[in-house]
Amino acid sequence: MANQTRPDRGTLLTRAWTAFTKKDYDRSLELFEEILSEGEDQEAMYGQACSLFRIEDYEPALEALSALIKKDKSNTKYYHTRAMVYGASEDYDEALKDLQKLTNLDAVNVEAWCDLGGIYWVMEDYENAAVAFEKAVDIDKSCAIAWLGKGIVALYMKDPNRSIKYFDVALKLDNKRATTYMARAEAAFLSKNDKDAVKDLKQALLLDKLFLEQFRKAQQEEDADDDF
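This is a predicted model, so every value here is computed, not measured.

### Quick notes on the overall build of the chain
Scanning the chain from terminus to terminus reveals 13 helices and zero strands. Helices and strands in the chain line up, N terminus first, as α-α-α-α-α-α-α-α-α-α-α-α-α. Out of the 228 residues in the chain, the part that is buried amounts to 39%. For the chain, contacts bridging at least 24 residues in sequence account for 42% of all contacts bridging at least 6. Surface exposure of the chain reaches about 13,600 Å², of which carbon and sulfur atoms provide 48%.

So this is what it looks like as structure tokens:
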């Protein structure tokens, strides 16, 4: 039987990232760790951290990302990914620090500003959230997420009419996002515009099949309870 040639590091990295792209995170983690078993490799270490993040194994993901940042303190993707892991593990103070660092390193990173706005929003710091989303819009007025963020912050700041204007822009840019319709529906209800609110809820249900199934199940359970 002929000896099988072991794939080189570049081939293994390609296979690992391909598996990651296909959302086969267990396989990508296995491949990245196979590379690391042969010696230090920053890209493999980063891939390992990303894979761990996706399978919700946050602590080792954070350890890997922190080690990478020690090696390269100006690498924006390391800070961004670590911020996402901190956010997922509900350590919002640390997520905030990383996103602030990231926006200092890369001031025109729209995604970073949107994520920063999201963290401020979760922390109920609506004024700073509004500033972050406004910055994102200033950089790229075609970013639907930034307009959605502006709308959600305005809604939480008790300004439903202004939030609807922002949601309108977000939907012009991306009319396939159920979250935007649901947010605009909430704003419409608060503005006593039940007709438009119901219309947006129906559209959200059509776009979000999982939510639709959950809604139907809840209605069936409610109907069953009413029978007793």
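### Comments concerning the packing of helix 10 (residues 160-173) against helix 11 (residues 178-190)
Helix 11 packs onto helix 10 with a crossing angle of 155° between their chain directions and a minimal axis gap of 9 Å. Classed by the angle they form, the pair helix 10 and helix 11 counts as roughly antiparallel. In this structure, the crossing between helix 10 and helix 11 has a hand that is left-handed. For the pair helix 10 and helix 11, the contacting residues are Pro160, Ser163, Ile164, Phe167, Asp168, Ala170 and Leu171 in the first and Thr180, Tyr181, Ala183, Arg184, Ala187, Ala188 and Leu190 in the second. Grouping the constituent residues of the contact of helix 10 with helix 11 by class yields ten nonpolar, two polar and two charged.

### Quick notes on the pattern of salt bridges
Counted by the stated rule, this structure contains ten salt bridges. The salt bridge partner of Arg27 is Glu30, with a shortest N-O separation of 2.8 Å. With a gap of three residues between them, Arg27 and Glu30 both fall in helix 2 (residues 25-36), about one helical turn apart. The exposure class assigned to Arg27 is partly exposed, which follows from its relative accessible area of 33%. Here Arg184 and Asp200 are joined by a salt bridge, their closest N and O atoms 2.7 Å apart. Taken together, the positions of Arg184 in helix 11 and Asp200 in helix 12 (residues 194-207) put the pair 16 residues apart, joining distant regions of the chain. Assessed through its relative accessible area of 5%, Asp200 is described here as buried. Each of the salt bridges in this network shares a partner with another, and the network as a whole consists of Asp168, Arg184 and Asp200.

### Concerning helix 9 (residues 144-156)
In this model helix 9 runs 19 Å from its N-terminal to its C-terminal C-alpha over 13 residues, within 8% of the 18 Å that 1.5 Å per residue would give. Within helix 9, eleven of the 13 residues are buried, which leaves it mostly tucked inside the rest of the structure. For helix 9, the set of buried residues is Ala144, Ala146, Trp147, Leu148, Gly149, Lys150, Gly151, Ile152, Val153, Ala154 and Leu155. Close packing links the buried residues of helix 9 with helix 7 (110-122), helix 8 (126-139), helix 10 and helix 11. Count one or two residues on from helix 9 and you reach Lys158, which has phi positive near 65°.

### Examining a nonpolar patch on the surface
On the surface, Trp121, Val122, Met123 and Tyr156 cluster together into a nonpolar patch covering about 320 Å² of accessible area. Checked against the element boundaries, Met123 lands in the loop between helix 7 and helix 8.

### With respect to the nonpolar core
Judged by nonpolar contacts, the single largest core of 50 residues is most densely connected at Cys114 and Leu116. Setting aside residues up to four positions removed in sequence, Cys114 forms contacts with Phe133, Ala136, Cys143, Ile145 and Ala146.

### Topic: the packing of helix 5 (residues 76-88) against helix 6 (residues 92-105)
At a closest axis distance of 8 Å, the pairing of helix 5 and helix 6 adopts a crossing angle of 160°. As the angle between them shows, helix 5 and helix 6 are arranged roughly antiparallel. Note on packing geometry: the crossing formed by helix 5 with helix 6 is left-handed. Taking contact as the criterion, the partners of Thr76, Tyr79, His80, Arg82, Ala83, Met84, Tyr86 and Gly87 in helix 5 are, on helix 6, Tyr92, Glu94, Ala95, Asp98, Leu99, Lys101, Leu102 and Leu105.

### Describing the environment of Glu124
By the secondary structure assignment, Glu124 is in the loop between helix 7 and helix 8. On the accessibility criterion, Glu124 (59% relative accessible area) is exposed. In this structure, the C-alpha to C-alpha distance between Glu124 and Tyr156, residues 32 residues apart in sequence, is 8.9 Å.

Rules behind the numbers
- Residues numbered from 1 in each chain as written.
- Predicted model: local features only at pLDDT ≥ 70, side-chain atom pairs only at ≥ 80, totals over all residues.
- Heavy atoms only, no water.
- Helix = DSSP H or I, 4+ residues; strand = E, 2+ residues; numbered from the N terminus.
- Buried < 20%, exposed > 50% of the residue type's maximum accessible area, 1.4 Å probe, protein only.
- Contact = heavy atoms within 4.5 Å.
- Areas by Shrake-Rupley, 256 points an atom, 1.4 Å probe, with all protein chains shown as cover.
- Axes fitted to C-alpha atoms, helices over the stretch in contact; angles between N-to-C directions.
- Parallel < 35°, antiparallel > 145°, perpendicular 65-115°, else oblique.
- Left-handed = near helix turned anticlockwise from the far one by under 90°.
- Nonpolar A, V, L, I, M, F, W, Y, C, P; charged D, E, K, R; others polar.
- Salt bridge = Lys/Arg side-chain N within 4 Å of Asp/Glu carboxyl O.
- Expected span 1.5 Å × (residues − 1).
- Patch = residues over 30% accessible without salt bridge, like charges linked within 9 Å, V, L, I, M, F, W, Y side chains within 5 Å.
- Core = buried A, V, L, I, M, F, W, Y, C linked by side-chain atoms within 4.5 Å.

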